Amino acid sequence: MNVSDSERLSSGLTALGLEKNDDVNSDLVVINTCVVRQSAEDTATGLLGKLKKIKKKNPSMMICVMGCMVGPKTNVLEKRFPHVDVWAAPQRFEKILDPVSDQISEDGNELDGCLPDLLPLHPKIASFVPIIHGCNKFCSFCIIPYRRGREISKTIPEVKAEVEKLVRRGAKEVTLLGQNVDSFGHDLDPRVDLADLLEVINSIEGLIRLRFLTSHPNDMSSKIIKSIRDLPKVCETINLPFQAGNNEVLENMRRGYTREEYLEKIQEIRETIPNVSVTTDLIIGFPGETRDQFEQSLDIVERVRFDKVHASIYSDRPGTIASRKMGDDVSRDEKKLRMAKMVNLQKNISTDLNLAYKGANQTVLVENKSDNRFSGRSRLDKLVYLEGEGVEIGDFVDVKITETRTWSLTGSIQKINNTLEEQLIEH
Ligand code: SF4
């Protein structure tokens, strides 16, 4: 979400005639903040402290803070950091673009109330498109609903227009984003859902791959699961966080499902979509989680055999229900021990799953080049390093997998396969 917001603001500022510069001594500094963890917020406030000294030497410098740090209680921050010129809540791009345009209006670039085009002129081959902001779930460990507010969906025509523009400008894959992307459209009148949107976006000419992030087990409906199976451009990759494997811990987290319901959902997904890749998120050391309860998280990972597990060690997040009511009683050492067990288990599973790709043919969208080596991702989101010549970023290439590792594969290039029809027939 933040990467996408930064790209959009950057496009708007470029349209106003500004040049991008990574130096903190610039005329304008924008800090796009994340507050999921307290440590991220502390990093942002630390940087604001440093900027105070820099601004003293250069008083005309403009400092803007955007993102989740800017919420209903910004007046406390305003008092603490009076040198900040603009506080802009997520997606309130005009809060920054308007004063910037006023300041440079002598050059004739004033906005006059109209926002410039915020989509990048040269988007990434695989681009992000936020489709719903906020979250209505209030999991006990999460600060997002307090900072990003309740769910607000874009309309289907709005999302379609954005994706069409990105595709015209070169994007070939888009990932639709939301804190809880599966509840897209539930707030709209008439009510629509993610499956309706996927169907519309799937029909956009020139778009080749479509993904979405992040799902909630309670909102991933059978209709959405079937649309992943039926729509040729929608990649068979699902990130479905389970967060904890024990029912008491899940209840304390206020996740709204049991381990049995989670496993049933996985079963439905696997029965409906052959060859689906499933990844997950989980928290280690949630307040009150005993060793036995943690073992149940290991058990879920063992049973489901996820393609990837994003495990995070629990840390107290002031402002959340868990912080107010539950404390943080699992010791740091115990959390680290559990994390090591989890990483070890998942390493073995990922190594095994990747081994099955040896000798297989895959189609890879080339996304990066570093150290003279191209890499990209397969339809099932595997990172593949390429061996061979003659490709460019943005190509679809057929490769034969020659090497497999825990977190990536290597493929030798067989041929460039840039025709949409071939992609869809292959599917
Ligand atoms: S569903 Fe996700 S974003 Fe929403 S409250 Fe729970 S963890 Fe936070």
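Our subject in this report is the structure included herewith.

So, how was this worked out
- Residues numbered from 1 in each chain as written.
- Predicted model: local features only at pLDDT ≥ 70, side-chain atom pairs only at ≥ 80, totals over all residues.
- Heavy atoms only, no water.
- Helix = DSSP H or I, 4+ residues; strand = E, 2+ residues; numbered from the N terminus.
- Rg over C-alpha atoms; globule rule 2.2 N^0.38 Å.
- Buried < 20%, exposed > 50% of the residue type's maximum accessible area, 1.4 Å probe, protein only.
- Salt bridge = Lys/Arg side-chain N within 4 Å of Asp/Glu carboxyl O.
- Axes fitted to C-alpha atoms, helices over the stretch in contact; angles between N-to-C directions.
- Parallel < 35°, antiparallel > 145°, perpendicular 65-115°, else oblique.
- Left-handed = near helix turned anticlockwise from the far one by under 90°.
- Contact = heavy atoms within 4.5 Å.
- Right-handed = clockwise from strand over helix to strand, strands pointing away.
- Phe/Tyr/Trp six-rings, centres within 6.5 Å; stacked < 30°, edge-to-face > 60°.
- Pairing = 2+ DSSP bridges.
- Expected span 1.5 Å × (residues − 1).
- Polar contact = N/O pair within 3.5 Å; in protein donor to acceptor, adjacent residues only side chain to side chain.
- Patch = residues over 30% accessible without salt bridge, like charges linked within 9 Å, V, L, I, M, F, W, Y side chains within 5 Å.
- Areas by Shrake-Rupley, 256 points an atom, 1.4 Å probe, with all protein chains shown as cover.
- Lys, Arg positive; Asp, Glu negative; His and termini not counted.
- Charge placed at Lys NZ, Arg CZ, Asp CG, Glu CD.
- Nonpolar A, V, L, I, M, F, W, Y, C, P; charged D, E, K, R; others polar.

## Observations regarding the overall build of the protein chain
Consideration 1: The helix and strand tally for the protein chain stands at 14 helices and 15 strands.
Consideration 2: Taken over C-alpha atoms, the radius of gyration comes to 23 Å for the protein chain, in line with the 22 Å a tight globule of 427 residues would show.
Consideration 3: Across its three principal directions, the C-alpha atoms of the protein chain cover 60 × 55 × 50 Å.
Consideration 4: Taken across its 427 residues, the protein chain has 51% of its residues classed as buried.

## Description of the pattern of salt bridges
Consideration 1: Per the stated rule, a full pass over the model turns up 31 salt bridges.
Consideration 2: The residue Arg259 makes a salt bridge to Asp299 at a minimum N-O spacing of 2.6 Å. One end of the pair, Arg259, is in helix H10 (residues 259–272); the other, Asp299, is in helix H11 (residues 291–304), and 40 residues separate them in sequence.
Consideration 3: With relative accessibility at 23%, the residue Asp299 sits in the partly exposed group.
Consideration 4: Note that Glu367 is salt-bridged to Arg377, the shortest N-O span being 2.9 Å. Here Glu367 is found in strand S11 (residues 361–370), whereas its partner Arg377 is found in strand S12 (residues 373–378), with 10 residues between them in sequence. Both residues of the pair, Glu367 and Arg377, belong to the buried class.
Consideration 5: Members of the salt-bridge network, linked through shared partners, are Glu173, Arg209, Arg211, Glu367, Arg377 and Asp381.

## So, the packing of H11 against helix H13 (residues 332–355)
Consideration 1: Running from amino to carboxyl end, H11 crosses H13 at an angle of 15°, the nearest separation of the two axes being 10 Å. With respect to their mutual orientation, H11 and H13 come out roughly parallel. In this structure, H11 meets H13 at a crossing whose hand is right-handed. Taking contact as the criterion, the partners of Arg291, Phe294, Glu295, Ser297, Leu298, Val301 and Glu302 in H11 are, on H13, Glu334, Leu337, Arg338, Lys341, Met342, Leu345, Gln346 and Ile349.

## Focus: the pairing of strand S7 (residues 209–213)
Consideration 1: The buried count for S7 comes to four of five residues, which makes it a mostly enclosed element.
Consideration 2: In terms of handedness, the path from strand S6 (residues 173–178) via helix H7 (residues 194–202) over to S7 forms a crossover that is right-handed.

## Re the packing of aromatic side chains
Consideration 1: Summed over the entire model, instances satisfying the criterion amount to six aromatic pairs.
Consideration 2: Aromatic pair Phe141 and Phe286: ring centres 6.4 Å apart, planes at 80°, arrangement edge-to-face. Linking Phe141 in the loop between strand S4 (126–133) and helix H5 (144–148) with Phe286 in the loop between strand S9 (277–284) and H11, this pair joins segments that are 145 residues apart in sequence.
Consideration 3: We classify Phe286 as buried; its relative accessible area is 0%.

## A few points about the pairing of S6
Consideration 1: A large share of S6 lies buried, amounting to six of its six residues.
Consideration 2: With six bridges joining them, S4 and S6 adopt parallel strand pairing. Residue Phe128 lies in a different strand from S6, and its bridge partner there is Thr175.

## A look at H13
Consideration 1: Between the first and last C-alpha of H13 there are 34 Å, a value that for 24 residues agrees with the 34 Å anticipated at 1.5 Å per step.
Consideration 2: Looking only at H13, the buried set comprises Glu334, Lys335, Arg338, Met339, Met342, Leu345, Gln346, Ile349, Ser350 and Asn354.
Consideration 3: The inward-facing, buried residues of H13 abut S9, H11, strand S10 (308–313), strand S14 (396–404) and strand S15 (409–416).

## Structural notes on the side chain of Ser140
Consideration 1: Secondary-structure assignment places Ser140 in the loop between S4 and H5.
Consideration 2: Polar side-chain contacts of Ser140 include one of 2.7 Å to the backbone oxygen of Asn252.
Consideration 3: Residues contacting Ser140, with those up to four places away along its chain left out, are Asn252, Met253, Arg254, Phe286, Thr320, Ile321, Ala322 and Met326.

## Looking at a positive patch on the surface
Consideration 1: Among the surface-exposed residues, Lys73, Arg254, Arg324 and Lys325 lie close enough to one another that they form a single positively charged patch.
Consideration 2: As for its position among the elements, Lys325 is in helix H12 (residues 321–325).

## As for unusual backbone geometry
Consideration 1: Between Asp189 and the following residue, Pro190, the backbone shows a cis peptide bond with an omega angle of 5°.
Consideration 2: A cis amide bond, omega -10°, links Leu213 with the succeeding residue Thr214.
Consideration 3: Among the secondary structure elements, Thr214 is positioned in the loop between S7 and helix H8 (222–230).
Consideration 4: Look at Asn275: it is not a glycine, yet its phi comes out positive at around 60°.

## A closer look at the packing of helix H6 (residues 156–168) against H7
Consideration 1: At a minimum axis distance of 10 Å, the contact between H6 and H7 shows a crossing angle of 35°. Once H6 is placed against H7, the crossing between them reads as right-handed. Note on element contacts: H7 touches H6 through Asp196, Leu197, Val200 and Ile201, opposite Ile156, Val159, Lys160 and Val163.
Consideration 2: A per-class count over the contact of H6 with H7 returns six nonpolar, no polar and two charged.

Don't take any of this as a statement about function, it's just geometry.
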